[in-house]
Amino acid sequence: YDQAMEAARQSLFSAVIFGVVSALLGVCCTDFFLHILGASDHVKELGSSYLQIHFLYHLPLILLWVCHSIFRAKGDATLPTVIMAMVTAGVVILDFGLCLWPVRMGIAGIGVAWLVATSLGCILMLLAFKKSEFSSCVEVSKKKPFNFSMAWMKRIMAIGLPACLQDLAWVSSNFGLFLIFSQTSNPTSCQAAWAVGLRVEDVVAGLPIFAMSMGVATVVGQNLGAKKLDRAEKVGWHAAGYGCVLMAIVGFVMFVGADFIARLMTSDPVVVQHSREYLQILGVSEPITVIWLVLFGAMEGAGYTRIPMCFSFICLLLVRLPLAYLLTLTFGMGARGAWLAIALTSLVGAIIAVGWFKRGTWKHHEI
């Protein structure tokens, strides 16, 4: 129990460090990021006004997610879910109020909405800590000074850094796709369709997959802690199976409603066409994608993050990007080629995840 409290305390401190560094780097590098992505002058102006504020919310957001993870690790997903739902509602309300009406700040208002909502959510989460058995984690006084521990930092980073690099592979892959789109005959339409399709997919498919991945990680971790290795493995297979069924339904909706959804998001006919193709192709691949992400999530519940990181780099950077370049530019398929590359990468990831999960080495991993 004392070890768990200290792990939580050191994790919160780490979150502050990474949040500050992330915010400063983001603010300083905004113009550089937009430039290498090939943004037009107008897009640079709009993007800079948003990103300069957007990066500031990284500190409260990282703290918020670390607190969320700590509660979830002990089996309490309800409280952090309620707080995250409040944050989401706050973002939506403030998006409309600050971006469109009555304040009319434009796209910068979206950045302000995230900053305000996540800051309030972070405060609520820390107050929840004060009223829980984790109250000692956020107490700093003369009697209870904070002592930074390099040993704890190494233990935390042994799990966290590979997971972070896994996300970095995802972000880098997305940057790569933007660069590929910048070389097409209509780069702005391709990039806009990518943004539209990805956001829609995040809401209808990404969030459920993410939820299942987080949930299975918690249950697997607790079963391994109870020395019930067989049950931990069954949890992973069951979660992947349930995810396939759910994503088959979601994928069917994406495929059938692709045109309707695309026209809700944009009025540009070229962007509508590319967005429709994205939703149809990715809708077919969603049941495959969930296998990849849920089984990797199950392994990460054992603290087994290095192998998923390596395979994510292989799939996202060594498979997806070269394939997208080949299909999009070399074969002249345009945006459709990139969508096919994403779907085929999910298939490769699912095959790898099934094979490695079946090996079972992750069940014997020690932190």
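In this report, we go over the structure that sits alongside the text. (Residues numbered from 1 in each chain as written. Predicted model: local features only at pLDDT ≥ 70, side-chain atom pairs only at ≥ 80, totals over all residues. Heavy atoms only, no water.)

## Here's the deal with the pattern of salt bridges
Here is step 1: Going through the model one piece at a time under the given rule, you end up with six salt bridges.
Here is step 2: One salt bridge in this structure joins E233 and K363, with 2.7 Å as the shortest N-O distance. Taken together, the residues span a long stretch of sequence, with E233 in helix α8 (residues 229-256) and K363 in the segment after α12 (335-359) at a distance of 130 residues. Of the two residues examined, E233 and K363, each falls in the buried class.
Here is step 3: Linking R336 and E277 is a salt bridge whose minimum nitrogen-to-oxygen distance equals 2.9 Å. (Salt bridge = Lys/Arg side-chain N within 4 Å of Asp/Glu carboxyl O. Helix = DSSP H or I, 4+ residues; strand = E, 2+ residues; numbered from the N terminus. Buried < 20%, exposed > 50% of the residue type's maximum accessible area, 1.4 Å probe, protein only.)

## Quick look at the packing of aromatic side chains
Geometry of an aromatic ring pair is reported as the spacing of the ring centres plus the angle between the planes.
Here is step 1: With the rule as written, the count across this model stands at 16 aromatic pairs.
Here is step 2: Geometrically, the ring pair formed by F33 and F55 is tilted, given 6.5 Å between the ring centres and 45 degrees between the ring planes. On the criterion of sequence distance, the pair formed by F33 in helix α1 (residues 2-36) and F55 in the loop between α2 (41-54) and α3 (58-73) is long-range, its members being 22 residues apart.
Here is step 3: Note on Y278 and W339: the rings are 4.9 Å apart at their centroids and 85 degrees apart in plane angle, and the pair reads as edge-to-face. Of this pair, Y278 sits in helix α10 (residues 269-300) while W339 sits in helix α12, and the two are 61 residues apart along the sequence.
Here is step 4: Accessibility expressed as a relative area gives 0% for W339, which makes it buried.
Here is step 5: The ring of W152 has R155 sitting right over it, with the charged end atom 4.6 Å from the ring centre.
Here is step 6: The ring of W356 carries the charged tip of R359 above its face, separated from the ring centre by 4.4 Å. (Phe/Tyr/Trp six-rings, centres within 6.5 Å; stacked < 30°, edge-to-face > 60°. Lys NZ or Arg CZ within 6 Å of the ring centre and 35° of its normal.)

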